[in-house]
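What follows is each chain in one-letter form.
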4 protein chains.
Amino acid sequence: MCGIIGIMGKADVAFDVYRGLLALQHRGQDSAGIACFDKVRINLKKGVGLVSEVFTDSNLSLLKGKTAIGHVRYATAGSTPKLDSQPFVVDIPHAMAIAHNGNAINYQDWDEHFKDRTESCCDSEVLLHLFSEKLNGDRQLTVDKIFDAVKAFMAEVNGSYGIVCLVENLGLLAFRDPHANRPLAMGRRGADVAFASESVAFDAMGFDMVRDLKGGEAIFVESDGTIHEKSLLPKPAKHCMFEWVYFARPDSTLDGKSVYEVRIALGKELGKAIQKDSAGKMQGQNGLSMPDVVIPVPDTSRPAALGLAEQTGISLQEGLIKNRYIGRTFIMPTQEGRERAMNVKLNTVTSVVKGKDVLLVDDSIVRGTTAKKIVGVVKKEAKSVHLASTCPPIQYPCFYGIDFPIQSELVAYTEKNLDGIRKKLGADGLTYQSLDGLKRAIGLPGLCTACLDGHYPTPIPDAMRKKLELSRSAERKKVETHYA
Amino acid sequence: MCGIIGIMGKADVAFDVYRGLLALQHRGQDSAGIACFDKVRINLKKGVGLVSEVFTDSNLSLLKGKTAIGHVRYATAGSTPKLDSQPFVVDIPHAMAIAHNGNAINYQDWDEHFKDRTESCCDSEVLLHLFSEKLNGDRQLTVDKIFDAVKAFMAEVNGSYGIVCLVENLGLLAFRDPHANRPLAMGRRGADVAFASESVAFDAMGFDMVRDLKGGEAIFVESDGTIHEKSLLPKPAKHCMFEWVYFARPDSTLDGKSVYEVRIALGKELGKAIQKDSAGKMQGQNGLSMPDVVIPVPDTSRPAALGLAEQTGISLQEGLIKNRYIGRTFIMPTQEGRERAMNVKLNTVTSVVKGKDVLLVDDSIVRGTTAKKIVGVVKKEAKSVHLASTCPPIQYPCFYGIDFPIQSELVAYTEKNLDGIRKKLGADGLTYQSLDGLKRAIGLPGLCTACLDGHYPTPIPDAMRKKLELSRSAERKKVETHYA
Amino acid sequence: MCGIIGIMGKADVAFDVYRGLLALQHRGQDSAGIACFDKVRINLKKGVGLVSEVFTDSNLSLLKGKTAIGHVRYATAGSTPKLDSQPFVVDIPHAMAIAHNGNAINYQDWDEHFKDRTESCCDSEVLLHLFSEKLNGDRQLTVDKIFDAVKAFMAEVNGSYGIVCLVENLGLLAFRDPHANRPLAMGRRGADVAFASESVAFDAMGFDMVRDLKGGEAIFVESDGTIHEKSLLPKPAKHCMFEWVYFARPDSTLDGKSVYEVRIALGKELGKAIQKDSAGKMQGQNGLSMPDVVIPVPDTSRPAALGLAEQTGISLQEGLIKNRYIGRTFIMPTQEGRERAMNVKLNTVTSVVKGKDVLLVDDSIVRGTTAKKIVGVVKKEAKSVHLASTCPPIQYPCFYGIDFPIQSELVAYTEKNLDGIRKKLGADGLTYQSLDGLKRAIGLPGLCTACLDGHYPTPIPDAMRKKLELSRSAERKKVETHYA
Amino acid sequence: MCGIIGIMGKADVAFDVYRGLLALQHRGQDSAGIACFDKVRINLKKGVGLVSEVFTDSNLSLLKGKTAIGHVRYATAGSTPKLDSQPFVVDIPHAMAIAHNGNAINYQDWDEHFKDRTESCCDSEVLLHLFSEKLNGDRQLTVDKIFDAVKAFMAEVNGSYGIVCLVENLGLLAFRDPHANRPLAMGRRGADVAFASESVAFDAMGFDMVRDLKGGEAIFVESDGTIHEKSLLPKPAKHCMFEWVYFARPDSTLDGKSVYEVRIALGKELGKAIQKDSAGKMQGQNGLSMPDVVIPVPDTSRPAALGLAEQTGISLQEGLIKNRYIGRTFIMPTQEGRERAMNVKLNTVTSVVKGKDVLLVDDSIVRGTTAKKIVGVVKKEAKSVHLASTCPPIQYPCFYGIDFPIQSELVAYTEKNLDGIRKKLGADGLTYQSLDGLKRAIGLPGLCTACLDGHYPTPIPDAMRKKLELSRSAERKKVETHYA
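Let me sum up the structure you'll find in this document. In this text the structure is predicted, and so the values were computed from the model without any measurement.

So, how was this worked out
- Residues numbered from 1 in each chain as written.
- Chains lettered and ligands numbered in written order.
- Predicted model: local features only at pLDDT ≥ 70, side-chain atom pairs only at ≥ 80, totals over all residues.
- Heavy atoms only, no water.
- Pairing = 2+ DSSP bridges.
- Helix = DSSP H or I, 4+ residues; strand = E, 2+ residues; numbered from the N terminus.
- Contact = heavy atoms within 4.5 Å.
- Axes fitted to C-alpha atoms, helices over the stretch in contact; angles between N-to-C directions.
- Buried < 20%, exposed > 50% of the residue type's maximum accessible area, 1.4 Å probe, protein only.
- Polar contact = N/O pair within 3.5 Å; in protein donor to acceptor, adjacent residues only side chain to side chain.
- Salt bridge = Lys/Arg side-chain N within 4 Å of Asp/Glu carboxyl O.
- Nonpolar A, V, L, I, M, F, W, Y, C, P; charged D, E, K, R; others polar.
- Buried area = accessible area lost by both parts, 1.4 Å probe.
- Least-squares fit on C-alpha atoms with pLDDT ≥ 70 in both.
- Parallel < 35°, antiparallel > 145°, perpendicular 65-115°, else oblique.
- Left-handed = near helix turned anticlockwise from the far one by under 90°.

Paired through backbone hydrogen bonds, the strands of a sheet run either parallel or antiparallel to each other. Residues and elements named next belong to chain C. The strand order 18-17-21-22-23 describes an open sheet built from 5 strands, whose pairing is parallel. Here the strands that pair on one side only, and so sit at the sheet edges, are strand 18 (315-316) and strand 23 (429-432). Sheet strands in contact with helix 14 (residues 369-379) are strand 21 (357-362) and strand 22 (384-389), and its direction is about 150° off that of strand 22.

Here's what the structure looks like:
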């Protein structure tokens, strides 16, 4: 869960990267960084915080260079934001900088080997040194040698990645994992070439989207602008479905599918399950009344709620208002304060909710902690609260970059059945998207739905699985911060 | 355009005020402050920035006291945020602290008189000293003396105000201007009493709304909890209509009217004006096609767009996506950068907008600068853009606290007719709410609509008007920041 | 160990106080503060750090007022700099601000009584409330009532104090403890009146010294400039001898005695003890050779070294160089680093020290920790190191404001005899000033030498003594920071 | 006027460099930086401020690497501290970092050539690229190739330099300009090797001084510890005399001469000129009385004052006290404040100065501005003030690194004779060191005394001279900050 950008332009491009990172800020708010290649030197600025906090007029002016890469980072459990912020840089034997979105499952294979030369605990830095090693031999690089190194890299790394990389004064490299699990696209603005995790970055930087990279493909843009494209290790597509469900911005298009339209469709698919039974009650919900009103949990689920309202004919209302001025962290020192924190973040519109049968639409339910709080806020005033999730039950951890908790913390895994989950969340009714509904809504054949069905696109050895789960601390941030 | 809170509780209340200020943050983001009365001393902390920036766990812990007031400030043109941040304090002859929302038109009458004892350029500080002077005489205060002073104050001050005031160790005072132009309400939580500009503050602090103060009314809560309520100088209600249109939060209820429901109604009223003519085109819009889609300008106009869509039957879509991570200021140093800034702030969903006849709903149009930029962003992809404003044409400056520009900067004043405004904004069509529609939507008899019709609730001498207009610098912030 | 200043002027005086505090910075580097009376309000700015860190052009400009007091604080063990920084303020029933130098031994008598209204753990704040209470009765103050309150205060408080106090809009009050233990003097600049702990503050502010306050005397300067002086509770003088030995600046004159001249005299007195015996060796130093060179430990002991060199005829050399750029704290993270820290702070001039018999002059020896380190630095190169202290052996704790450790940490108490101390410090020879020599050098009849002879000027009940000793944590700062 | 350090050790050395920079802080307080070579990467941290401000426990921990260089910078007029802070880094074709003390007179020869690859306005960065270019050719470096490049560099660069340079993973390079104008020495600590501008850095880092580098010599320490020493372009020594007079620390030894002993000797030489004439007055001083007292201007001239006092038999007194807590800048906003600033910085000991004939010893007189202020402070109390400078008249600008003003600002140049200078300074008498006295005191044959006699060690073309003078802004810092 990170965002990356790379640009080769005709003039200094740090400000373009900055604009692009602002547009990708939703993919990571923990740290941000830009590395530029300036003729004889890589200039680097990275730090902890939002893009707008890390970069100033003054430090952006110092980031000279016509080639640059940028990164926004979502710190996963156990990481140290300061050390782990990207891009990472190496000077010997080749001056390079890398920005990586994804997760290398087997990075600990090389951890020991590269121990001396890494400064972080981050798999991305290990990948940089692995790639650097694949390049080595003699010191004069060529495009063919670079592609050979990428191919060797792809053959060894088990996991997901979108990567942009500055290679000396030679050019800008971009490549995507064989299964195309993490997103990566190419754009153009006149003679300038860019790569980005999501198409919104192109909109913000004034570039036009050209196309998505294919799984196992690499593109190298030489300093003179020559573009080399090569399919190195293609495998069946396994695009992460969660990008459309929750993670990407609605105004992005990923692998040809508009995120907004997918979410509308998710709402419609979900709406098909909201049926009246013969008694005029909701089908299969223990006599719960049909909803008076559809309310999205702001902001992600708004398009889905539109689709659902259209599909069911139930009135859509903005019955939950989010405080726009509260950042991810704000102090609530007393116990009582922490309990009331959700009221400060999210508040109901009394006239909409009071005494109503409410259908609450959320994008997904992970641990259930936040969902429970939201249901609680609404239930204070509503007659009943039915929760609908645009994502099917999440029952398996993700090893490809989405920071889902360990299995024992996933409410859809720990609770034995739908009614158990419903009770846990304190809701009067609960409807999940079906796996088929999800696939129809996205409309692409090659999807990774491992967190839903346990079918991982690459081998996950048991030992590795245990090790990885252990390394995830109990304190999860996703659930806490989703509605911050 | 500020927010105020006052609480008298049974224990330290600074954290409650802090929570309330977070909920009122939309009323002012330039400075924040809290003053507490702690037995023998007024403790004050105020500063420039957001509530979450000014207050820390550490400084809130130092703010001891069972009585406290708080303030968030929207800095108007020409003000110096550091000096003008509230609350203001006086120690001699009575230790008091004040927080004020509104505008005293004739504050310059006393400016000279109090020159020596003010530290800011703020009318609110002048009001504190005026009130302090009214109290004077002998040093032993009583509730009656306090009410007499408030009455004398009301008789002299021409303007609008909601005021909360700590009065020595005696208690907490709240009062509202005779016309009830600025909002102020009372809430309770067990034995604790609170006052706030909007009801959302009560939700955030765990208080229940009791009632709005009436115009010209004062309430004094003694230290022992005894509540004194007195109507001192009531005049016909002239509630500011712009609170419902734009300023207040949708989950607030002001003077008995839910802001959310008023906005839904504003959309419906506006929808009545969107009619098909005999040729199947939009009535009175020079042959413009009927819209394919209704798109709200996020976030204020979303409920209105819902109402309009329902009224007209046109499909509502979230075709404009706002970047949630961009604060009011972010750097865009180059000229080209500044021109692209709107693209970074607001982006279209291509699948929704491309080739469509779009009906864009915005809450209001002031200078027109921002509206023009938004229309421009949508027009890059849409077939046509029709702009609908939930507020009638704003043609007169406000002297009661809304930071509307001088008349010569109001696009509805400078352009001679609707078509002139439309051209100025670059739109293909333009529809304004009617004054009657606005009044029906709000549904209250006593409204101030001076910025629409020029009928000011209190006398505005010509000389004063000129002087006030002069004092407003050309650089306006409202327009610039509305969609930030 | 603090510094205080008070000024009543004809114009704003905050900048004068600021200059005076810069000159008194050696009396306390932990926090600084200024309170001004501005017609109807006390303006306060205080914070942790040096005077130049706490005050800026911008915040000084906000400190309006013709009467002001200031404070620099030396945080004693266990204190919390942020809370305990001065001045302290009270608003009810009289707006006042106080700055205090000294120590109230029995402040815990009222601790419980004032618990609700204090915000710090500082005896000074308790004194403010005690004085405030003495003033109370009716609300109209007069000079007589103020003097009566001071007298009642003096009768109750066991301890030492120099105090300056803003009293409403009435004027500026200054008073000194009955034994005149802590210093306080009055100065003038035209019609402006000032009070300060040391005369250097007058030099820095452009004032002329008028006279020292007498023990038990109070001076009140009315707003119109009228000066009232009154002896309220005089007792025999017991001036703290450590002001001349170490604490005050050499360019100050205290109670009529130039600090510089006293230190020269201390060196001469000490020199009388450095005698050659019949064998040409140092008398009473076990055959140690007479010194080749006299070296002061910079900076305090420099004048004493001059006096000693003149008295003995031994050559004075600046053989120890202090790093001017190291503040009190600088990081030395590794164990090895901490051990080398003294080398970074103080370094020898090899050509002066190498192979020489060195006489090192230091102002005083408290715990002996720092002295031991300095002796060690010099011994690396010198043939022998003889240490001479301008202060007699410190064997008893101080209860009047000097942060001497508890008795069990005083090297002159724990070691049974001179030779024991010498060994502990790692020196080859050791000479202490005699008590008579000290008294001759200062040349004033009334001195407090309690830390040397255990004769305290006021009663120290055993229970109180134990309690106070307990409250002093093991980690002492004086010794550590003396040569920082 | 900068300080440099380089270390190759067996473990991480950043903390050693940090300690060394603390000891060299007097050579530059404007910026500080450390670059480390960590196997595959150069880690860099630099910033504006003191060493203790730029470095923290946290950022020092990140500076991994067994080879490192460090720099403290004295910003000359017109420089931008942030951009110009050192070390500078280059990645392509060889990863290197450089720290430079000195001045390249002809750096503008290559300015245009390297324009694209420099990020600062600093000659030091140009030198890095010049050296990098000399190295180029094939990519595999050897010690011989490195020495060849240094020799070619020395042949081209007109100016002064001590330089330390990290060269890839190969090792640490140090070299000194042909005339040995700027200081540079080598030290050892077991197997660890270090280079530093002054020997005090070795003391602080726990190294032993080995020897000074010779003019035109280079030393390269390979990663395995092998040391290569080579004389590349030796020329007659022209050591800068101002290092001993003012710039270096007294506890340093430069080119075999103890700075302290030189200053004692300077005082003695100066003392020879203070003679009684037949009338018992000072010889050649228009009837001025012989001084009662010798007072050093703290801190630099203290040893010289000792020497002078010994030579003349006049009593030495510490009659001027410097405020230890005032940094280089402290606010003094009002005009009156600025005039009094010197009183806050330096104060007289009245008992020493009052009514006396004072001989003030200062290290040097440049513009005379500060000297005039100090004379003024003393004259308020003294009977007469005679100023003695341990440095002969400074009449020519320096082009080798000392930030002397342009000629028209040098008081010894603009005033026609000694009496003119004396009057300008407001002194009653004035004595300068003679050039011969200076040479005798330092006792080395090869000295640069260009600022005294105009004989520059390298060619200074007229055009260049004019250009350089122009680039120096009127606002000089040396004079202002000398006594801060």
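With that out of the way, let us pick up the side chain of Asn106(A). All names here are of chain A. Within the secondary structure, Asn106 is located in the loop between strand 6 (96-104) and helix 5 (108-114). The class for Asn106 is buried, based on a relative accessible area of 7%. Separated by 2.9 Å, the side chain of Asn106 and the backbone nitrogen of Asn158 make a polar contact. Leaving out residues up to four positions away in the same chain, Asn106 has contacts with Glu156, Val157, Asn158 and Met464.

Attention shifts here to the sheet that holds strand 8 (residues 171-176) of chain B. All names here are of chain B. Across the sheet, which stays open at both edges, the 6 strands sit in the order 5-6-7-8-12-13 with antiparallel pairing between neighbours. With one partner strand each, in any of the chains shown, strand 5 (88-90) and strand 13 (227-231) form the two edges of the open sheet. When the angles between neighbouring strand axes are averaged without regard to direction, this sheet yields 15°. The pairing of strand 8 with strand 12 (residues 217-222) spans 5 bridges and is antiparallel. Opposite Leu172, over in strand 12, you have Val221 as the bridge partner. Across the face of the sheet, helix 6 (residues 123-135) comes into contact with strand 5, strand 6 (96-104), strand 7 (159-167) and strand 8 while running at roughly 120° to strand 6. Contacts from helix 7 (residues 143-156) reach strand 7, strand 8, strand 12 and strand 13 within the one sheet, and its direction differs from that of strand 12 by about 150°.

Quick look at the interface of chain B and chain A now. Accessible area lost upon the coming together of the parts serves often as the stated size of an interface. In this complex, chain B contributes 52 residues to the contact, which on the side of chain A involves 53 residues. Its salt-bridge partner being Asp299(B), residue Arg324(A) comes within 3.0 Å of it at the nearest N-O pair. Where chain B meets chain A, there are 18 residue pairs in polar contact (both at pLDDT 80 or more). Looking at the side of chain B that touches chain A element by element, the count peaks at 6 residues for helix 1 (residues 14-23) of chain B. Across the side of chain B that touches chain A, the residue classes break down as 25 nonpolar, 14 polar and 13 charged.

On to the interface of chain B and chain C, then. On the chain C side, the residues contacting the 27 residues of chain B number 27 residues. Sorting the residues of chain B by area buried against chain C places Val40(B), Ile92(B) and Arg139(B) first, and these three jointly supply 29% of that buried surface. The interface formed by chain B and chain C contains 6 salt bridges. Our count for the contact surface shared by chain B and chain C stands at 14 residue pairs in polar contact (both at pLDDT 80 or more).

Turning our eyes to something else, we now look at the relation of the copies chain B and chain A. In screw terms, the move from chain B to chain A is a rotation of 180° and a rise of 0.0 Å along the axis, fitting with an RMSD of 0.0 Å. When the rotation and shift are considered jointly, the pair of chain copies conforms to a two-fold rotation axis. Minimal C-alpha distance to the rotation axis in chain B is attained by Arg324(B), lying at 4.0 Å. Most of the interface of chain B is mirrored in chain A: 100% of its interface residues are interface residues there too.

With an RMSD of 0.1 Å, the operation that places chain B on chain C is a rotation of 179° combined with a shift of 0.0 Å along the axis. Comparing interface residues between copies, 100% of those in chain B also lie at the interface in chain C; the contact surface is shared.

Residue and element names in this part refer to chain D. Contact pair helix 10 (residues 259-272) / helix 11 (residues 302-312): the axes reach a minimum separation of 7 Å and the direction vectors enclose 40°. If you check the angle between helix 10 and helix 11, you find them oblique. Of the two possible hands of crossing, helix 10 and helix 11 adopt the one that is right-handed. Counting all contacts with helix 10, which are made through Tyr260, Arg263, Ile264, Gly267, Lys268, Leu270, Gly271 and Lys272, the residues of helix 11 involved are Pro303, Ala304, Leu306, Gly307, Leu308, Glu310, Gln311 and Thr312. Class assignment for the residues of the contact of helix 10 with helix 11 results in 7 nonpolar, 5 polar and 4 charged.

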